[in-house]
Amino acid sequence: MHVDKRPRSFYALAAVFGAFVLFLYGPMIAIFVLSFQGPEGGLTFPMRGVSLHWFGKLWEGMGVVDVAAAFRRSVALGTVVMLLTVLLSLGAGLAFRKRFAGSGVLFYTSVASLIMPSIVVSLGIGLQFRLVDTAFKAVLESVGAAGLLEGYGTAMGLYTSALGAHLTWTLPFGLLIMLAVFNRFNPAFEEAAADLGATPWQSFRHVVLPLIAPSLVGVGMFGFTLSWDEIARTSQAIGDVNTLPLELQGLTSTVTTPAIYALGTVTTVVSFVVMGCTLALVKFLGKRRGA
Amino acid sequence: MKAPATLQATPFALVFLLFLVLPLVLVGVVSFWRASDYELIPAFTLQNYVDVFNATTARTYLSTLKFCVLVWAVTLLLGFAVAYFLAFHVKSVGAQTLLFILCTVPFWTSNVIRMISWVPLLGRNGLVNQGLQALNIIDSPIEWLLFSDFSVVLAFVHLYTMFMIVPIFNSMMRIDRALIEAARDGGATGWQTVWNVVVPLSRTGIVIGSIFVITIVMGDFVTIGVMGGQQIASVGKIIQVQTSYLQFPMAAANAVILLAVTLMMIWGLTRLVDIRKEL
């Protein structure tokens, strides 16, 4: 395009952009560095030696909080959310290519889910499960199953209410990505497959699926990272055990050692590993398609 | 795939029915119920709504609105500037992508971590205070840097400016560059081009970004909690506290009002933009 001299506004905006990037990264770098604080060091600079002391402390657990267990729970829940987000978004994406009754309502419902204040959704799910518990206990009581009644705590939990809460957050993103993908999808590929005698399943399995595989990986990554970081929607919709971000939120007011920075570094590393694996997988799928 | 579309969309729809629609209906219903200390009593009372309207709640709503307006204004200006830079000043697609990724990477870190990452900078003995003291600009540490309104707004801007940048950038990339040329040829100054051409054509992105930011701030209790040192009230926090004390009907009434206020703001926003278009 133009090779003319850059206007003054370029330099002003470049400075704004630079400051913005510094603003984004500066604090992160600070806690990354401080998580390697020596055993004598505190929450702020200066560094008093360099050590892995606080990572060790972290693994031993922080007070009453079993960080390792919360970590495992979050990974497990994130994985389930990821798989369900891919499967359900793919199904919905395929459905939206055709016309079906209620498609408009479904689309606007998922957009509404995206912009609904999370605390309202969370309260609703928490309330729902409490009412379910009450009703269930009443039923148990009326049939006289005292043993069962004793053992029954709540239907709320990681794979019931929390899973549902996470899906209301991840599925709208999944659907929007799938809609964007299928908008650009050329139906000629499937027509060609059908002309050559492929069954609908074969055409899906061998034509459509390989073409959209990288996007599905992207949807999965979105699902995992959104779940991995979710607090607001989970907060009122989880039973006795907490996910890692919820524990982390609690720890911010009680832990006053760099161990909390170490935890920050660890969770960030997990996010980056997930991103890295995703990009590698997308690249691999892309290469296989090219071959 | 010849499978019926309805069947394919069913699991997706069921999730929203079970975990969004039904819970919201229940919130609406329970907001008219009564509660004792340990159980919910189905009844019809407007008492919860009457109780919501008191001076304390009004102050909390005003405080939340204040944060909302501040954060919205800052993220909009900053987001617009960054998006404008990326869309119009960075000419190569490669550089554009790279800079865009640079902005998105921090997004993959936990929000709570990004909040507490301000502690070593803004704390009493943080880098900012240390620096200012070393330069003899201040004698004693500034106390309002952390766990204050300032740090709450800062954290919101830090966390959510991306929600502005992405949709605005997306809109800007669709603007026909010939229109900018035409404005310049017609004698428009840089500002006039931005205000009369770019801003109206980025309308969709601005509205989408604003809706995201407003709904996030209106319902927030995590950021205000952590960055306010658990000392600043917000509507989301009221709901959270009432829920944890099992005051479900009160929490539900607050949630209904919060939802109504948020929807009104969104509606107003879209109207505002449409009116501009019609002028």
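The shown structure was predicted, so the numbers you read here are calculated from the model rather than taken from an experiment.

Cut-off values and rules
Residues numbered from 1 in each chain as written. Chains lettered and ligands numbered in written order. Predicted model: local features only at pLDDT ≥ 70, side-chain atom pairs only at ≥ 80, totals over all residues. Helix = DSSP H or I, 4+ residues; strand = E, 2+ residues; numbered from the N terminus. Buried ≥ 20, exposed ≤ 12 C-beta atoms within 10 Å, placed from the backbone. Contact = placed C-beta atoms within 7 Å. Nonpolar A, V, L, I, M, F, W, Y, C, P; charged D, E, K, R; others polar. Domains from an automatic or database assignment. Arc of directions from axis to C-beta. Core = buried A, V, L, I, M, F, W, Y, C linked by C-beta atoms within 7 Å. Axes fitted to C-alpha atoms, helices over the stretch in contact; angles between N-to-C directions. Left-handed = near helix turned anticlockwise from the far one by under 90°. Parallel < 35°, antiparallel > 145°, perpendicular 65-115°, else oblique. pLDDT = per-residue confidence, 0-100.

1. Here's the deal with the overall build of chain A
Move 1: Looking only at helices and strands, one finds 11 helices and 0 strands in chain A.
Move 2: Mapped from its N terminus to its C terminus, chain A presents α and β elements in the order α-α-α-α-α-α-α-α-α-α-α.
Move 3: Over its C-alpha atoms, taken along the principal directions, chain A stretches across nearly 85 × 70 × 40 Å.
Move 4: Across the 291 residues in chain A, those meeting the buried criterion constitute 41%.
Move 5: In chain A, the proportion of contacts linking residues at least 24 apart, taken out of those at least 6 apart, comes to 76%.

2. Examining the overall build of chain B
Move 1: Helices and strands together make up the secondary structure of chain B, namely 14 helices and 2 strands.
Move 2: By principal-axis analysis of the C-alpha atoms, chain B measures approximately 70 × 70 × 45 Å.
Move 3: Residue burial in chain B is summarised as follows: out of 279 residues, 40% are buried.
Move 4: Counted over contacts in chain B with a minimum sequence separation of 6, partners at least 24 positions apart contribute 71%.

3. Let's talk about the environment of B:Phe163
Residue and element names in this part refer to chain B.
Move 1: The topology assignment puts Phe163 in helix α8 (residues 149-173).
Move 2: By C-beta crowding, Phe163 is classed as buried, having 20 other C-beta atoms within 10 Å.
Move 3: In this structure the C-alpha to C-alpha distance between Phe163 and Ala253, which are 90 residues apart in sequence, comes to 29 Å.

4. Here we look at the interface of chain B and chain A
Move 1: The interface is formed by 70 residues belonging to chain B together with 70 residues belonging to chain A.
Move 2: It is helix α1 (residues 5-30) of chain B that provides the largest number of residues to the side of chain B that touches chain A, a total of 19 residues.
Move 3: In the side of chain B that touches chain A, the residues fall into 48 nonpolar, 19 polar and 3 charged.

5. Description of the domain arrangement of chain A
Put simply, an interface is often sized by how much accessible area is lost when its parts join up.
Residues and elements named next belong to chain A.
Move 1: Segmenting chain A into domains produces domain 1 (1-62 + 255-273) and domain 2 (67-246).
Move 2: If you average the C-alpha positions of domain 1 and of domain 2, the two centres end up 32 Å apart.
Move 3: On the side of domain 2, 5 residues touch domain 1, which itself brings 7 residues to the contact.
Move 4: Contributing elements (two or more residues each) for the side of domain 1 that touches domain 2: α2 (53-60) and α11 (259-290).
Move 5: Along the lines of polarity and charge, the residues of the side of domain 1 that touches domain 2 split into 4 nonpolar, 3 polar and no charged.

6. Observations regarding α2(A)
Residue and element names in this part refer to chain A.
Move 1: All buried positions along α2 are accounted for by His53, Trp54 and Leu58. Down the axis of α2, the buried set is contained in an arc of 140°. They therefore lie on one face. Exposed and oriented more than 90 degrees from the buried face of α2 are Gly56 and Glu60.

7. Quick look at the nonpolar core
Move 1: By size, the foremost hydrophobic cluster in this structure holds 132 residues, and its most contacted members are B:Val27 and B:Ala252.
Move 2: With 13 residues, the single largest contributor to this core is α8(B).
Move 3: If we skip the residues at most four places from it in the chain, B:Val27 touches A:Val120, A:Leu123, A:Gly124, A:Leu127, B:Ala252, B:Ala255 and B:Val256.

8. Notes on unusual backbone geometry
Residue and element names in this part refer to chain B.
Move 1: A positive phi is found at Asn136, a non-glycine position, where the angle reads about 60°.
Move 2: Its location among the elements puts Asn136 in the loop between α7 (127-134) and α8.
Move 3: What makes Asn136 exposed here is the crowd of 7 C-beta atoms within 10 Å.
Move 4: The backbone of Phe147 shows a phi angle near 55°, a positive value even though the residue is not glycine.
Move 5: Looking at the element boundaries, Phe147 is found in the loop between α7 and α8.
Move 6: With 20 C-beta atoms counted inside 10 Å, the residue Phe147 sits in the buried group.

9. Digging into the packing of helix α3 (residues 55-89) of chain B against helix α11 (residues 203-219) of chain B
Residue and element names in this part refer to chain B.
Move 1: Running from N to C, α3 and α11 cross one another at 145°; their axes reach a closest spacing of 9 Å. In the crossing of α3 with α11, the sense of the turn from one axis to the other is right-handed. Two secondary-structure elements touch here, α3 through Thr64, Phe67, Cys68, Val71, Trp72, Thr75, Leu76 and Gly79 and α11 through Ile206, Gly209, Ser210, Val213, Ile214, Val217 and Met218.
Move 2: Residue composition of the contact of α3 with α11, by class: 10 nonpolar, 5 polar and no charged.

10. Quick look at the packing of α8(B) against α11(B)
In helix packing, the relevant descriptors are the interaxial angle and the interaxial distance, both defined with respect to the helix axes.
Residue and element names in this part refer to chain B.
Move 1: Running from N to C, α8 and α11 point in directions that differ by 160°, and their axes come no closer than 7 Å. If you check the angle between α8 and α11, you find them roughly antiparallel. Both α8 and α11 take part in a crossing whose hand is right-handed. Across the interface between the two elements, Phe156, Tyr160, Phe163, Met164, Pro167, Ile168, Asn170, Ser171 and Met172 from α8 touch Thr204, Gly205, Ile206, Ile208, Gly209, Phe212, Val213, Ile216 and Val217 from α11.
Move 2: Of the residues assigned to the contact of α8 with α11, the class counts are 13 nonpolar, 5 polar and no charged.

11. Description of the environment of B:Ala35
Residues and elements named next belong to chain B.
Move 1: With respect to the element layout, Ala35 can be found in strand β1 (residues 34-35).
Move 2: Overall, the presence of 19 C-beta atoms within 10 Å leaves Ala35 in the partly exposed class.
Move 3: Linking Ala35 and Asp176, residues 141 residues apart in sequence, is a C-alpha distance of 59 Å.
Move 4: Excluding residues within four positions of it along the chain, Ala35 makes contact with Leu40, Ile41, Gln247, Phe248 and Pro249.

12. Quick word on the confidence of the model for chain B
Move 1: Mean pLDDT for chain B: 88, with 96% of residues reaching 70 or above.
Move 2: Among the scores for the predicted complex, ipTM is 0.87 and pTM is 0.87.

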